[in-house]
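Okay, here's what each chain looks like letter by letter:
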Amino acid sequence: MKKLFFILLINLLPAQQSWTLQQCLDYASANHPLVKQSAVNIQKNERQISAAKGMLLPSVDAGANHNYNFGNGINQQNNQREAINTQTDNVYAQANWELMNWRNYLNISLSKINKESSTYKMKQAQNEVKLNVIQMFFTYQNSKSWLDVLETQLSGIEDQIKRTEKEVEIGNRPKSDIYDIKANLGTMQEQWVSAKNQRDLSKINLLNALAITKDTLDFTMTEENLTNSNFSNPDFIQDLLEKNPAYQTTLAEIKAQQKNIDIAKSAYLPTLNGSYTWSSFYNKILGEPTTAFSEQIKANKNQQLSFGLNIPIFNKLQVKNNVEIAKLNVINSNYDKDIVINNLTQSISSIKAQFLNAKEKYNLLEANFENQRLSFQKSEEKYKEGLMDAYTFFVVRNNWLQANYNLINSKNDVIQQTELLKVFEAGL
């Protein structure tokens, strides 16, 4: 009854969802906080474009003042100073317009460049997240494979001990065989504990790379055929470099800094401003009859239209220094570009070298794998026939399991470098 209850309980529990590498990449590129922050920055830059265009429009505001004056004041009826108490209401509407300021047009261009840069930065964030996910994914797969190997070895050694004990009892094996096998059991159990811890840590790191806080997922490999990459192309690195978002970001930032030079120089140019004001007022001596509010407002209305030309002549060398600083920022941005080129070249070259090394290693292991399998089979036959002691067969068996792991690990390394390369090849 207890066993039946346990089976029913297991069936009621939700099954752990399994994700492939592609599912991990799709999720991370859309949901990682770094990517979402980049998307917000694009929206902010769109608003900055709208704000820059808004500077070409006039600003309009209106207001009203309601005032009381007690004591000595000006009588509006005879324009004489008297001891009177008055009420005054003022209403106005005014518009100010920068008719010509070259800086406003340059700021529009700059805000468009900044939006372009933020778009590249979002793609760059997605690439960085993907590269990290790929590395953590294969680290987890390799640590899980190694743990599987150790568990198989441990289960094998326990069976080996039982069989050897029986053979010792009937005199087919010396008792030292049991001691030899048990002597290695403790070391292997220690390795298993370390491997289990490594697997758990690598899964935590993978979940962190995905920005997932709950351990409700498992991650599985799909069967993939190994592919070759066009490393023989002499322009291979340059092609990947030019379409990389990190490289394009630096180019956009250089354009932005060059535009900032023009913006700084615009302070040398004159500006033309215009303004229009409409106003009126209502005045009343408290306690005395006066003209109606609407009539006074209509009679006292006033309009003013003005234009102003501002020509900069000397501004304490501030504009000159701002221009020179902007030029230095361009030089600095070009150095940033060189740093990005150097880092990307190193990354792509490293992937190329590791891919070629992993592919060569895998080909060698695969070619020798059949020989290792046959060697293990022959050793197993010798052991069953009593021609090989238990400890030697135990070592041969573990070497065979290690060979299986090495082949899996080598294949994973080839696929990992291929997936890393795909991120760079995807470009913008």
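Refer to the structure printed above.
Residues numbered from 1 in each chain as written. Predicted model: local features only at pLDDT ≥ 70, side-chain atom pairs only at ≥ 80, totals over all residues. Heavy atoms only, no water.

(A) How the structure looks around the sheet that holds strand β8 (residues 302–310). In spatial order, the strands read β2-β5-β7-β8; together these four strands make up an open sheet with antiparallel pairing. Both outer strands of the open sheet, β2 (59–69) and β8, are each paired with one neighbouring strand and no more. Across the sheet, the mean angle from the axis of one strand to that of its neighbour is 20°, orientation sign disregarded. Pairing geometry for strand β7 (residues 271–285) and β8, over nine bridges, is antiparallel. (Pairing = 2+ DSSP bridges. Helix = DSSP H or I, 4+ residues; strand = E, 2+ residues; numbered from the N terminus. Axes fitted to C-alpha atoms, helices over the stretch in contact; angles between N-to-C directions.)

(B) Quick peek at the packing of helix α7 (residues 245–265) against helix α9 (residues 318–384). Contact geometry for α7 and α9: axes closest at 8 Å, N-to-C directions at 175°. Put simply, α7 runs roughly antiparallel to α9. Among the residues forming the contact of α7 with α9, the class breakdown is 13 nonpolar, eight polar and five charged. (Parallel < 35°, antiparallel > 145°, perpendicular 65-115°, else oblique. Nonpolar A, V, L, I, M, F, W, Y, C, P; charged D, E, K, R; others polar.)

(C) Representation of helix α2 (residues 21–31) within the structure. Buried residues of α2: Leu21, Cys24, Leu25, Ala28 and Ser29, and no others. Across the axial projection of α2, the buried residues extend over an arc of 120°, all falling on one side. (Buried < 20%, exposed > 50% of the residue type's maximum accessible area, 1.4 Å probe, protein only. Arc of directions from axis to C-beta.)

(D) Summary view of the pattern of salt bridges. Overall, the coordinates contain nine salt bridges when judged by the stated rule. A salt bridge links Lys115 to Glu46; its shortest N-O distance comes to 3.5 Å. Here Glu46 lies in helix α3 (residues 33–54) and Lys115 lies in helix α4 (residues 102–169), a separation of 69 residues in the sequence. Glu324 is the salt-bridge partner of Lys327, the closest N and O atoms lying 3.8 Å from each other. On the criterion of helical spacing, the pair formed by Lys327 and Glu324 is a turn pair, its members being three residues apart in helix α9. (Salt bridge = Lys/Arg side-chain N within 4 Å of Asp/Glu carboxyl O.)

(E) Quick peek at unusual backbone geometry. A positive phi angle, close to 60°, is found at Ala211, a residue other than glycine. Locating Ala211 in the fold gives a position in the loop between α5 (176–210) and β6 (217–219). Even without being glycine, Leu317 reaches a positive phi, approximately 65°. Along the chain, Leu317 turns up in the loop between β8 and α9. Assessed through its relative accessible area of 47%, Leu317 is described here as partly exposed.

(F) A look at the packing of aromatic side chains. If you walk through the whole model with that rule in mind, you get ten aromatic pairs. Here the aromatic residues Phe137, Phe138, Tyr140 and Phe219 are joined through ring pairs into a cluster of three or more. (Phe/Tyr/Trp six-rings, centres within 6.5 Å; stacked < 30°, edge-to-face > 60°.)

So, to be careful, I would describe these as geometric facts and stop short of saying anything about function.
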